[in-house]
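As a plain string of letters, each chain reads:
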Amino acid sequence: MAAAAAAAGGAAAAAEACVGQVVLPGDVLLLPARPDEDGERLRLGACAAPRGRLLCGPGLRRCAAGLLVTKCGLLRHRQAGGAAAGGAYWVDSQQKRYVPVKGDHVIGIVTAKAGDVFKLDVGGSEQASLSYLAFEGATKRNRPNVQVGDLIYGQFLVANKDMEPEMVCIDSSGRSSGMGIIGQDGFLFKVSLGLVRKLLAPKCEIIQELSQLYPFELVLGMNGRIWVKAKTVQQTLIIVNILEACEYMTAEQRKQALARLSGN
């Protein structure tokens, strides 16, 4: 184990002990042993799969010793549902550069039409492609009305370092499930990826508090883009300013700011 950690070029520590602490690129996180194999490390291969699926999230990469840290940030862990072992490990950081991940829901901007494919800017190192057939109910005769400059909310079907990212606006059953062209009105802005993950968390306090202030529509993209539309332009800009400031405000400061706005 020590030899494997040394080969990776970083310090080795138990993953469970590092949850909530700062990890650096090159660190090796050792996974817990299986209950039926005393003294053995958890093997992630198909020959000896754990009794629960272990997911390796952003900022981590699998190696022989366990998990190799690839970016700086706080280590997070989510337990698997039920009594199964596993769960998910990832590194939470204030990263602004987005790297496409398969299954991520993002907001893209149509930049060009190339035959039967639309090219979208998703904030990554290269543009993503979107077929006109990747919309609900789309056929060769019934094509979606997509123009250059439109905002598209969709998910990645293909995303790896060797291929061009490919997006779709339908789920596995062929339904849109809220994906597609976003309305012309509204305001699009960009925040850090950490803030987006915080807003996407179940029962997010920020979203709940804002919903009590004004009624609004909100689209969150994992690529750091947020689209907001309220009843008036003034209310839209107020919500945008609050969301941008939430990244640097404490919960008490946020509540005081919302209390001042609700009193006006």
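Notes on the structure in this doc start here. (Residues numbered from 1 in each chain as written. Predicted model: local features only at pLDDT ≥ 70, side-chain atom pairs only at ≥ 80, totals over all residues. Heavy atoms only, no water.)

Below, the discussion takes up the pattern of salt bridges. Counted by the stated rule, this structure contains 9 salt bridges. A salt bridge links E136 to R175; the nearest nitrogen and oxygen atoms lie 3.1 Å apart. With E136 in the loop between β11 (128-131) and β12 (151-160) and R175 in the loop between β13 (163-168) and β14 (180-181), this pair connects stretches of sequence that are 39 residues apart. A relative accessible area of 35% means that E136 is categorised as partly exposed. Via salt bridges that share partners, R76, D92 and R197 belong to a single interconnected network. (Salt bridge = Lys/Arg side-chain N within 4 Å of Asp/Glu carboxyl O. Helix = DSSP H or I, 4+ residues; strand = E, 2+ residues; numbered from the N terminus. Buried < 20%, exposed > 50% of the residue type's maximum accessible area, 1.4 Å probe, protein only.)

Below, the discussion takes up the packing of aromatic side chains. Within this structure, the stated rule accounts for 2 aromatic pairs. Residues Y98 and F156 carry aromatic rings whose centres are separated by 6.3 Å and whose planes lie at 20 degrees to one another, so their mutual orientation is stacked. One end of the pair, Y98, is in the loop between β8 (87-92) and β9 (105-114); the other, F156, is in strand β12, with 58 residues separating them in the sequence. In this structure, Y98 and F156 share a single accessibility class: buried. Consider the rings of F187 and F189, whose centres lie 6.2 Å apart with planes at 40 degrees: the pair is tilted. With relative accessibility at 33%, the residue F187 sits in the partly exposed group. A relative accessible area of 7% places F189 in the buried class. Its guanidinium or amino end placed over the ring of Y132, R143 lies 4.0 Å from that ring's centre, counting from NZ or CZ. (Phe/Tyr/Trp six-rings, centres within 6.5 Å; stacked < 30°, edge-to-face > 60°. Lys NZ or Arg CZ within 6 Å of the ring centre and 35° of its normal.)

Right, let's get into the environment of F187. One can find F187 in strand β15 (residues 187-190). Apart from residues no more than four positions distant in its own chain, F187 is found in contact with I226, W227, V228, T236, L237 and V240. (Contact = heavy atoms within 4.5 Å.)

With that settled, consider unusual backbone geometry. Of note in the backbone geometry, S177 takes a positive phi value of approximately 50 degrees without being a glycine. Position of S177 relative to the elements: it lies in the loop between β13 and β14.

By secondary structure assignment, the location of D104 is in the loop between β8 and β9. In this structure, D104 is buried with no salt-bridge partner, the nearest side chain bearing the opposite charge being R197 at 7.6 Å. Leave out the neighbours within four places in its chain, and D104 touches Y98, G154, Q155, F156 and M222. (Lys, Arg positive; Asp, Glu negative; His and termini not counted.)

By themselves, these figures tell us nothing about what the structure is for.
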